[in-house]
Amino acid sequence: MLVFLHVTVINPGSASVEADRAVVIRQNRITAVTSAAGFAAPEWAKVVDASGKYMIPGLWDLHVHSAFGDWFPRGRDVILPLFIANGVTGVRDMGGDLPVLFTWRKEIAAGETVGPRMVVSGPMLDGYLPDGKLRFPSSMPVMTPADAVKAVDSLKAQGADFIKVQSVIPHDAYVAAAEEAHKQNLPFVGHVPDHIRITESVALGQKSIEHFMGVLEGCSSQEDKLLGGPTEDTKLLLSSRDDAKCQKLIALLAQTHTWLVPTMAWNRQGTLLDQVDFAHQPLDKYVPAYWRDVTWKRFYDQMMPGIKADALSVRQQEIAEMIRMIGVLHKGGVEFMAGTDTAPGIYVMPGFSLHDELKNFVEAGFSPMDALATATSNPAKFFGKDDMGAVAPGNVADVVVLDANPLADIRNTDKIFGVVADGRYYDRTHLDAMLAGVEQAAKK
C-alpha cells in the first residue's frame, strides 16, 4: 500500500480541487481518495508526506514516435525513461515498428522496463514521393484502394490499436482506408492528406487530426488554391481568412467531436527551425549523437528549403495565427489533446516537450485547468476509458505529484516531486537517477 497524505488533488475533467487529501494506492489501482484529517495508514504502508504538494492525473502525450525504423537508436534507454521522468505515464505512438513496440509494452507491464502505457498504430499509411520512396520509416505504401484495404486488414491482424494516415496517400486510397478502418472497428486518425479538404476528413469519420492540418486552409476563401501540402502559399493562407466559413468549420468540428492534436511544440520549432540555437540546447545531454548528427541533420536538410521559401516574419505570423485560432476553436467547443511529435521533431524532447505544449495551450487562451485536461481527462474521453484520466478510486494508479500549483502557473507542471506509473512510485531521487541513466545511455 502506498499512501500520499495531505496532498491537494486536482482533477481537470471535473475541474475540481480538493485540499488535504489522503490518496491510497494498492498495486496498480487507486483505492481511496479521502480526507487526510484523522486518516490512519497501516504500519506496513509506505506513507509519503505530501503536505504543500499537488497531485494531478498522469500526463499523456498523444503524438509520439518511439520506435521509428533506424531513426532513434537507444529508444528503450532514452525515450521511454524520459517520458516517466517528466510525468508522462501514457503515450499514443503515431507510427512505429509493431514488434519493437509490443515487446516494450510487454516489458513495461511486467516492470522489466521503465516506460509509459502505449497505444500504438504500427506503420503509417502513406503514398510514394515523386522519387519513388516513402518519406518516413515505419510506413506502408498505399497507392490504391486495394492497397488500403490490405494494409488496414494486415494491421488489424497484427494487433494495431488504430490506423494512422500520412500526407501523401492518394485520395481514393485514403477514402478506402477510412472505410475499412471503420469496418474493422479501428479508430482512423492522422494527417489531413495534401489534396484533401478537412471537411472531407471529418465526413469520413477521422477521429483526430494532427498538427492543425487543414484548419487554416478550411477557414480560407482560397482553400482550393491552398490544397497540395507544403508548397502552399503561406501569404495567401494568412490573408484570405473567411470568418463565416471558419465559423461553419468550427461548428462542424465541435458537433462531430473531431479531436485536434495541434503539436505546436513541433509546429513552432519546425516552422522557425532556422532560429534554433543548436550550439546551446540545455537538453542536449540526453540526445544520442546519432539522433543529432544523422537523423535530425538529414531531416533538417530536407526541411530547410521549404522553410526558407517564406520570410521569417511570415512564418512568425503563421505561428501566431495558429495559436490564436486554437483559442478560437477551444471557445467554440472543439476538443483538443496534447501531443508533441517527439522524437522526430528536432529537439522536441520526449517528456520535456509535453510541458511546453501545455504552455502553448495557455498561450492560446486555455485556462491552466483546461490545458491540463488536454493531457489527462481528454485522452481518457478520447479512448473511452472510464478508469484513467482522474485521481479517483478504481482508476489506474498513474499520477504526478508536483511541488507547486499548476493552476497558479502552468509552468509548475515540470516541478515534479514524484511520479506513480502503473502503481510504481518514483520519488525525486529515483527520477534524478533515471535522468542520469539517460545521460549515460546517450553517450554510448
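The structure this text deals with has already been given above.
To keep things clear, this report deals only with the structure shown in the data block. Along each chain, numbering runs from 1 in the same order as the chain's sequence is written. Per-residue local features of the predicted model are confined to residues with pLDDT of at least 70, and side-chain atom pairs are confined, for both listing and counting, to 80 or more; whole-chain, interface and lining totals are unaffected and use all residues. Each side-chain value is worked out from all heavy atoms of the structure, with water and hydrogens disregarded.

**Describing the pattern of salt bridges**
Note the threshold: Counted as salt bridges are all cases of a side-chain nitrogen of Lys or Arg within 4 Å of a carboxyl oxygen of Asp or Glu. Helix and strand assignments follow DSSP, with helices taken as H or I runs no shorter than four residues and strands as E runs no shorter than two, numbered in order from the N terminus. We call a residue buried when its accessible area falls under 20% of the maximum for its residue type, exposed when it is over 50%, and partly exposed in between, using a 1.4 Å probe and counting protein chains only.
Under the counting rule described, the total for this entry stands at 25 salt bridges. One salt bridge in this structure joins E335 and K381, with 2.6 Å as the shortest N-O distance. Of the two residues, E335 is situated in the loop between α12 (312-331) and α13 (352-363) and K381 in helix α15 (residues 377-383); the sequence distance between them amounts to 46 residues. Classification of E335 as buried rests on a relative accessible area of 12%.

**Observations concerning the packing of aromatic side chains**
Heads up, the rule is: Pairing of aromatic side chains requires ring centres within 6.5 Å, counting the rings of Phe and Tyr and the six-membered ring of Trp. Pairs whose planes differ by under 30 degrees are stacked, by over 60 edge-to-face, and all others tilted.
Tallied over the full model, the rule gives 21 aromatic pairs. Centroid distance W71 to F136: 5.8 Å. Interplanar angle 65°. Geometry classified as edge-to-face. You can see W71 sitting in the loop between β6 (59-64) and α1 (75-85) and its partner F136 sitting in the loop between β9 (124-126) and β10 (139-141), a full 65 residues away along the chain. Accessibility assignment for this pair places W71 and F136 in one class, buried. Between F136 and F299, the ring centres sit 6.0 Å apart and the planes meet at 80°, which makes this aromatic pair edge-to-face. Of this pair, F136 sits in the loop between β9 and β10 while F299 sits in helix α11 (residues 289-308), and the two are 163 residues apart along the sequence. An identical accessibility class is assigned to F136 and F299; each is buried. Taken together, F68, W71, F72, F136, W266, F278, W291, W296, F299, Y300 and Y347 form an aromatic cluster joined through their ring pairs.

**A closer look at the sheet that holds β6**
We apply this condition: The rule for pairing is simple: two strands pair if DSSP sees at least two bridges between them. Between N-to-C directions, angles cover 0 to 180 degrees, with each direction set by a line fitted to C-alpha atoms, over the stretch in contact for helices. Throughout, a contact is declared for two residues whenever any of their heavy atoms are within 4.5 Å.
The strand order across the open sheet built from three strands is β6-β7-β8, with neighbouring strands paired in parallel fashion. Only two strands of the sheet have a single partner each, and these edge strands are β6 and β8 (117-120). Going across the sheet, the axis of each strand differs from the next one's by a mean of 15°, ignoring polarity. Contacts from helix α2 (residues 98-109) reach β7 (88-93) and β8, with the element oriented near 155° to β8.

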